[in-house]
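Residues per chain are reported as follows:
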Amino acid sequence: MRAFGLAAEAFALLASPLRLHIILALTERESDVSQLALRVGATPQAVSQHLAKLKLAGAVRVRSEGRYHVYQAIDPQLGVVARMMLERVMGEPLDDAASLPA
């Protein structure tokens, strides 16, 4: 039963459209907040808030490069699951998550 709980937590983490988009974008390439905001079509403040939740959940890690904080998805399989869900609802393969409308 514990496995079902953990799986449900992972799905809950992806339940936000913006977090889903962020995870997909970060599995494609690491980014700082400003770059990521441009890629997903959201404000840097909104992206920062969602990155904090993703970091707390252990889905992303951050490293400093000068004055920038660069984020990276920890588990690429989370992106695979997100991509599968999106492709299922869209009915076609997804080329680039960053090109999706927010």
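Below is a short write-up of the structure. Model, not experiment: these values are computed from the prediction. (Residues numbered from 1 in each chain as written. Predicted model: local features only at pLDDT ≥ 70, side-chain atom pairs only at ≥ 80, totals over all residues. Heavy atoms only, no water.)

**Brief notes about the pattern of salt bridges**
Inspection of the entire model under this criterion finds four salt bridges. Taking the shortest distance from any N to any O, the salt bridge between arginine 39 and glutamate 28 comes out at 3.9 Å. Linking arginine 39 in helix α3 (residues 33-40) with glutamate 28 in helix α2 (residues 17-28), this pair joins segments that are 11 residues apart in sequence. Since its relative accessible area comes to 9%, arginine 39 is described here as buried. Given the relative accessible area of 30%, glutamate 28 is considered partly exposed. Put simply, glutamate 30 and arginine 63 hold a salt bridge, and the shortest N to O gap is 2.7 Å. Here arginine 63 lies in strand β2 (residues 60-65) and glutamate 30 lies in the loop between α2 and β1 (31-32), a separation of 33 residues in the sequence. With a relative accessible area of 32%, glutamate 30 lands in the partly exposed category. (Salt bridge = Lys/Arg side-chain N within 4 Å of Asp/Glu carboxyl O. Helix = DSSP H or I, 4+ residues; strand = E, 2+ residues; numbered from the N terminus. Buried < 20%, exposed > 50% of the residue type's maximum accessible area, 1.4 Å probe, protein only.)

**Digging into the packing of α2 against α3**
Close contact between α2 and α3 brings their axes to 10 Å; oriented N to C, the two are set at 115 degrees. Considering the angle they form, α2 stands roughly perpendicular to α3. Considering how the two elements wind past one another, α2 and α3 form a crossing that is right-handed. The residues of α3 that touch α2, namely those facing Leu18, His21, Ile22, Ala25, Leu26 and Glu28, are Leu36, Arg39 and Val40. Considering only residue class, the contact of α2 with α3 consists of six nonpolar, one polar and two charged. (Axes fitted to C-alpha atoms, helices over the stretch in contact; angles between N-to-C directions. Parallel < 35°, antiparallel > 145°, perpendicular 65-115°, else oblique. Left-handed = near helix turned anticlockwise from the far one by under 90°. Contact = heavy atoms within 4.5 Å. Nonpolar A, V, L, I, M, F, W, Y, C, P; charged D, E, K, R; others polar.)

**A word on the packing of α3 against helix α4 (residues 44-56)**
Relative orientation of the contacting elements α3 and α4 amounts to 105 degrees, with a least axis distance of 9 Å. Accordingly, the angle class assigned to the pair α3 and α4 is roughly perpendicular. Where α3 approaches α4, its residues Val33, Leu36, Ala37 and Val40 are matched on the opposing element by Pro44, Val47, Ser48 and Leu51.

**Quick notes on the nonpolar core**
Formed by 24 residues in total, the largest nonpolar core has its most connected members in Ile22, Leu26, Leu36, Val47 and Leu51. Counting only elements with at least two residues in this core, the list comes to α2, α3, α4, β3 (68-73) and α5 (76-90). In terms of residue count, α2 provides more of this core than any other element does, seven residues in total. When sequence neighbours within four positions are dropped, the list of residues in contact with leucine 51 reads Ile22, Leu26, Val33, Leu36, Val60 and Tyr71. (Core = buried A, V, L, I, M, F, W, Y, C linked by side-chain atoms within 4.5 Å.)

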